[in-house]
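# Breakdown of the fold
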Amino acid sequence: MSASDPIGEIFTEHSPRLLGYIRSCVHSRQDAEDILQDVFYQLARNSPDGVSEIERISSWLFKVARNMVTNFLLKKRELSLDSYDDHICENIAQTLFCGPQDAPDIVLLRKIVWQELDMALAELPPEQCEVFCLTVFDRLSLKEISQATGTPVSTLLSRKHYAVKRLRHRFHDLYQALLTNP
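Residues numbered from 1 in each chain as written. Predicted model: local features only at pLDDT ≥ 70, side-chain atom pairs only at ≥ 80, totals over all residues. Heavy atoms only, no water.

### So, helix H2 (residues 29–46)
Compared with the 26 Å implied by 1.5 Å per residue over 18 residues, the 26 Å span of H2 between its first and last C-alpha is a close match. Regarding H2, the residues found buried are Asp 31, Ala 32, Asp 34, Ile 35, Leu 36, Gln 37, Val 39, Phe 40, Tyr 41, Gln 42, Leu 43 and Ala 44. Measuring from the backbone nitrogen of Gln 30 back to the side-chain oxygen at the start of H2 gives 3.2 Å, which picks out Ser 28 as the cap. (Helix = DSSP H or I, 4+ residues; strand = E, 2+ residues; numbered from the N terminus. Expected span 1.5 Å × (residues − 1). Buried < 20%, exposed > 50% of the residue type's maximum accessible area, 1.4 Å probe, protein only. Polar contact = N/O pair within 3.5 Å; in protein donor to acceptor, adjacent residues only side chain to side chain.)

Written out as C-alpha cells, the structure is:
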C-alpha cells in the first residue's frame, strides 16, 4: 500500500478488529461486511484528502461502526418479516440454489434471476460493475484490485458501496414477487 492511499492503509490496519466488533453485534457475516464497508465509505466521504483532520482514527471508526450497527438493528426491527415470511425466504433460497438442478420451475427461476442480474449489472456505471464483479464473482479483495489497477482502496470501496445499493434496490421487486408467489 502506498503513502498516497492513507484510507487503504487504515482499512488494512483496522478492518479485522472492526469486522470482529460488528460481527459480534449482528447475526449475518454479510450484514457485518456491509456495515464495515459503510464505515470506510463514511471515512472516505468525510475525509477526502486523507485522514489528516481525524486525530484518533481508531476511536472515530469504532464510533461510526457503533452508530451504523445501531441504525442497522433499528431498521431491521422496523422492516423485519414475520416468521412465516422468514420461512418462505429460506425456502426460496434453498429451492433456488440447493434444489433439484433439472426441475423445470427451478431452471426457470434461476434463468429469471440471472437475467435480472445481467440487466442490473448492465445498468451500473462500468467502474461500479467492474469492482462488484471482481469482488463477488472473482473473489478478489479490494487490496488486490487496488494493487492491480492502481485505484485507491477508498475509491473501490465507494464504487462497490454504490453498486450494492443499486443492486439491492433493483432486486427488491423480484424478492417481493418471490415472497408472494413461493
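### Remarks on the environment of Arg 166
Within the fold, Arg 166 resides in helix H8 (residues 153–180). When its relative accessible area of 42% is taken as the criterion, Arg 166 is described as partly exposed. Measuring from C-alpha to C-alpha, the distance between Arg 166 and Gln 128 comes to 9.9 Å, with 38 residues separating the pair along the chain. When near neighbours in sequence (up to four residues on either side) are disregarded, Arg 166 contacts Glu 123, Leu 124, Pro 125 and Gln 128. (Contact = heavy atoms within 4.5 Å.)

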